[in-house]
Amino acid sequence: MSGRCQVAIIGAGVVGAAIARDLSRYDLDTVLIEAHADPGEESSKGNSALMCSGVDVPAGTLERRLVQRGYARYRVEAPVLGLPIRKVGAILLAWTADEVAVLECELALGREHGFENIALLTADEIYRRWPNFAPGIACGLHLPDEAIVDPFSTVYAYCLDATENGAAFRRRWPVERVERNAAGWVLHNGGERIAASFVINAGGIRADLVDRMAGFQHFTIRPRRGQYLVLDKSARAIHDIIAMPTPLPGYRGILIAPTIFGNVLVGPTAENVEDREDRCVTAEGLAQLRQAMAKMVPKLADQPVNTIFAGMRPATEFSDYQIIPRYEDNWLTVAGIRSTGLSASLGIAEHVANLLIPRVFDAGRKEHATAIRVPDLSETSIRPWQDGARIASDPAYAEMLCHCERISLGEVRDALAAQLAPRTLSALKRRTRAMFGRCQGFYCGARLQSMFEAHEQSLGQRG
Amino acid sequence: MNSLLDSEAEPDVLIVGAGPAGLAAAAALSAAGIEKILVIDRDDAPGGLPRFCPHPGFGLEYCRWPHTGPGFVARLLKTLRGRAVRIECATTLLSLRDGPLAEIVGPRAGLRLLSPRAVILATGIRESNRGNLLIPGGRAESGIMTTGQLQRLAALKARLPNYLRSLVVVGTDHVAFSAILTARHLRLSVKALIGEEDRVMSYAPLAWLARACGIEVATGTRTQSIATAGGRVRAIEVADARGEREIGCDAILFSGKWLPEVAFLCGSPVEIDQRTNGPVIDQAMRTTCSGVFAAGNVLHGVESSGWCAVEGARVGASVERYLRGEMDGAQGQAEFARSSEIDFIVPQRWDDQLTHLDPKIRIPVTLRVANDLHKRRLVLLTDQSEIPLSRRQAFLRQRRAAVDFNNIGGLGAQRRALITFA
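What counts, and at which threshold
Residues numbered from 1 in each chain as written. Chains lettered and ligands numbered in written order. Predicted model: local features only at pLDDT ≥ 70, side-chain atom pairs only at ≥ 80, totals over all residues. Helix = DSSP H or I, 4+ residues; strand = E, 2+ residues; numbered from the N terminus. Rg over C-alpha atoms; globule rule 2.2 N^0.38 Å. Buried ≥ 20, exposed ≤ 12 C-beta atoms within 10 Å, placed from the backbone. Contact = placed C-beta atoms within 7 Å. Pairing = 2+ DSSP bridges. Axes fitted to C-alpha atoms, helices over the stretch in contact; angles between N-to-C directions. Parallel < 35°, antiparallel > 145°, perpendicular 65-115°, else oblique. Nonpolar A, V, L, I, M, F, W, Y, C, P; charged D, E, K, R; others polar. Left-handed = near helix turned anticlockwise from the far one by under 90°. Domains from an automatic or database assignment. Core = buried A, V, L, I, M, F, W, Y, C linked by C-beta atoms within 7 Å.

### A closer look at the overall build of chain B
In terms of helices and strands, chain B carries seven helices and 30 strands. In terms of C-alpha radius of gyration, chain B reaches 22 Å, essentially the compact-globule figure of 22 Å for 422 residues. Overall, the C-alpha framework of chain B stretches about 60 × 55 × 40 Å when taken along its three principal axes. Taking all 422 residues of chain B together, 52% fall into the buried category. Look at the contacts in chain B between residues 6 or more apart in sequence, and 66% of them connect residues 24 or more apart.

Pasting the structure below:
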């Protein structure tokens, strides 16, 4: 699997995949390289799944600009890709006079920067609209444009779109060594090589290591772990807005947010950890999450927890994004996309494309793009089992495999047969939502695994 | 009976779940001459959980001698041969409304709304998983699961990753010992059984046997955390009175901590008991939705398969009486309160009009205590009387205490009685 290309993108997280998608619209020979078996295996799978408008990102930063642009693009482009987006709104809660002052200041700043519809709500108004908030709130800043999305399908859709439009995708291709040559760079993985005129490092949690391989040392990744718990769908009757405390500088706090799949998510904690692989959930972390529930929505305390997990934010010593073009070196670093990567992904991709074209590559825009669509996995979409015509034409959509999430045999079969098919069981879960429910596979896990294995075996037989 | 799904004909009785309770209910109903019985099950074959337990110990209360899990299922299915019962697998109950109206979906049924005269909920239980139990630690691609999942993997002959060789079972009730047998079948060595309680929740001799096989049975031991390395389980971290320690293993099975399978009842008129997490029923096994009955493990975790089948037979008889117009579909209004020593009581409600029901029709009052009690006598306190329910005896945690009382009369004008210990 050696080869050469014009642009090699290292890392198929949400950022690398979005860049590959944007570059695939140009007459450019692009390859997207992923160390893991499937796209989106690192920070892109363990986050709050929010699409932020940018209002709570510090003004004047690159992050603010790219989040705003990313949000605007996502709202237009996601529906075309089949990706769900639900504008549920957010509320920042204040309990003390100091916090009220912070929110008043945020309101003024936000309005000044064109976020017209944000508003300060009185406690009475808050309790009237959301009676399940704990007593004691002084006021809240309502951000009606904040939305929830499907983080897993987003990465998949970007990758699928990129590859359908000509980009190559190399999975299980960890870059072990890079080497400069006259034409640019040669990336090594065991005996395989990829030669590229230009390299984009979208290495996420390991972006600093990738930069160091090429001899660049501008920043260090300071992994910040975020623990979460996911409540069962019954919690949704109690809570349906993104709620968070008044933010402290540099930390948004633990939020309680609905998910696009119909659950309620609580998290993240913010812990600086040494080991960037240390995605452990801790007793202390869980205690913090329970405390946040008790403080904001105590009724949620009795709700069953479906799962607990931790994600890793690829923060650096700098507060802003580290998007560093090194034109003379044919290298561009896209790093430090701490916690807004999903929201900013399309903004970052556009920004990167503008840095490269026409300055590095005077590539023309392709006349036609192949449109792709991924299955809408959101709770509010019309699920295949609800679609009489679809069931009639193929009864496999009426045979439930995962009962908690109501995922049919037909959907799992389709996911395995799709382009860029999942190559791990956990990727299959993310692609279909099967095993994501309250039983976490007690019922469907074995069947899903045997379907997955049968598929892997058939791939093996085909070579 | 093909007409049940293929035409407009409605079943008279819809039984949800083809495990021991559902199949025994179907057998009882059809033996009594009720026709048009439809049993749906979401799995691809009937039998429920015993299907995946190929070892002895099943059906004892229902049959004369014990069977293996699959053997008991075969026995139940044999009874139904030639009867007016249709079993439709791979078919799911989506929702239930007043009527009763039941929305189902399946490859042969399609998506449709049934309006049977009676519905029997026999959907059983599942085990709590790591997330439900909030056990911290790392994540693993495979190697952290429930016993049920492992047993299904074994039944489907799915390939386990080669690196899975040893496992630790969290829990000490019957299913934990069943897990040992499944693990042996899969050539996994069981290193330990870990239980928080100060004794084994299953029968003591099973623990002696396990120890004789070199398996550590650690009681009074809390599961603290799961240690992982490179996406694999490395060890389980536990703590007891002597302190904390690690037990190295490649897989961790969470067993027991049963939860009734009632997700489809969310938003339905069937009231759920916060203690059992199952439907609230009265002695005739009627739920709060008229015409909807419930039996078996969906009522509370966990009873043996034989006991569930006996309950299935009882609910069948109760539904027959209802269909013949001899009993109302609405639940009794009186209710039992429990003292704090009691974890839960089933049935939760009582119908004063049905105090002399044939024991074949009604469910005995079954309760579980929160902690082991010795030499205590159970009593029923109404505003008028104190009725002894048991002799002085031991009540053990996680063991069924079934009290068969029928002649207590009504629960008095307060329509409320306290079950407590004297």
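From this point, the discussion proceeds with the structure in view.
### What to know about the sheet that holds strand 15 (residues 222-229) of chain B
All names here are of chain B. Overall, antiparallel pairing links the three strands, which are arranged 15-16-17 in an open sheet. This sheet does not close on itself; its edge strands, each paired only once, are strand 15 and strand 17 (243-248). Pairwise comparison of adjacent strand axes, ignoring direction, gives a mean angle of 25° for this sheet.

### Topic: the packing of helix 2 (residues 62-81) of chain A against helix 8 (residues 341-356) of chain A
Residue and element names in this part refer to chain A. It is the contact of helix 2 with helix 8, at a shortest axis distance of 6 Å, that shows an interaxial angle of 105°. As far as their axial angle goes, helix 8 and helix 2 are roughly perpendicular. Facing Glu63, Leu66, Val67, Gln68, Arg69, Gly70, Tyr71, Arg73, Tyr74 and Glu77 of helix 2, the residues of helix 8 in contact are Ser343, Ala344, Ser345, Leu346, Gly347, Ile348, Glu350 and His351. Per-class residue counts for the contact of helix 2 with helix 8 are seven nonpolar, six polar and five charged.

### Some words on the packing of helix 4 (residues 147-155) of chain B against helix 5 (residues 174-185) of chain B
Residues and elements named next belong to chain B. Where helix 4 meets helix 5, the axes come as close as 10 Å, and the angle between the chain directions of the two elements is 30°. When the interaxial angle is binned, helix 4 and helix 5 end up roughly parallel. Here the hand of the crossing between helix 4 and helix 5 comes out left-handed. Contact with helix 4, carried on its side by Thr147, Leu150, Gln151 and Ala154, involves Val175, Ser178, Ala179, Thr182 and His185 of helix 5 and no other residues of that element. Of the residues that constitute the contact of helix 4 with helix 5, the class distribution is four nonpolar, five polar and no charged.

### Focus on the environment of A:Ile391
Mapping A:Ile391 onto the fold places it in helix 9 (residues 388-393). Here A:Ile391 falls in the buried class, since 23 other C-beta atoms lie within 10 Å of it. Filtering out sequence-adjacent residues up to four positions away, A:Ile391 remains in contact with A:Trp385, A:Tyr397, A:Ala398, B:Gly110 and B:Leu111.

### Things to note about the interface of chain A and chain B
Residue-level contacts link 40 residues of chain A with 31 residues of chain B. The set of elements that each furnish at least two residues to the side of chain A that touches chain B consists of helix 7 (283-296), strand 18 (305-316), helix 9, helix 11 (425-432) and helix 12 (445-462) of chain A. Top element by residues in the side of chain A that touches chain B is helix 12 of chain A. It accounts for six residues. Here the side of chain A that touches chain B is built from residues that sort into 21 nonpolar, 14 polar and five charged.

### Some words on the domain arrangement of chain A
All names here are of chain A. As far as domains go, chain A holds domain 1 (3-46 + 151-220 + 318-356), domain 2 (85-149 + 222-315) and domain 3 (384-462). Domain 2 and domain 3 are separated by 32 Å when their C-alpha centres are compared. Contact with domain 2, which involves five residues of that partner, is made by five residues of domain 3. Class assignment of the residues belonging to the side of domain 2 that touches domain 3 gives a composition of two nonpolar, two polar and one charged.

### Comments concerning the domain arrangement of chain B
Domain parsing of chain B yields domain 1 (1-127 + 258-331), domain 2 (144-256) and domain 3 (333-422). The centre of domain 2 of chain B, based on its C-alpha atoms, is set 36 Å off from the matching centre of domain 3 of chain B.

### So, the nonpolar core
Generally speaking, nonpolar side chains in soluble globular proteins are found buried as a group. Grouped together as the largest cluster of nonpolar side chains are 141 residues, with contacts concentrated most on A:Ala8, A:Leu32 and A:Val266. Per-element accounting of this core gives the leading share, eight residues, to helix 5 (residues 151-164) of chain A. Apart from the residues lying within four places of it in its own chain, the contact partners of A:Val266 are A:Tyr228, A:Leu229, A:Leu231, A:Ile254, A:Ile256, A:Leu289, A:Ala292 and A:Met293. Ranked by size, the runner-up nonpolar core spans 88 residues in total, among them B:Val13, B:Trp258, B:Val298 and B:Val315.

### What about the sheet that holds strand 8 (residues 147-149) of chain A?
If you walk across this open sheet you meet the three strands as 3-8-4 (chain A), and the pairing is antiparallel. The open sheet terminates on both sides in strands that have one partner only, identified here as strand 3 (50-51) and strand 4 (85-86) of chain A.

### Looking at unusual backbone geometry
At the junction of A:Gly267 and A:Pro268, the peptide bond is cis and its omega measures out at 0° in the coordinates. Omega for the bond connecting B:Val346 with B:Pro347 falls within 30 degrees of zero, at 0°, which places this linkage in the cis form. The phi torsion at B:Lys36 lies on the positive side, around 55°, for a residue other than glycine. Residue position: B:Lys36 is located in the loop between helix 2 (20-31) and strand 2 (37-40).

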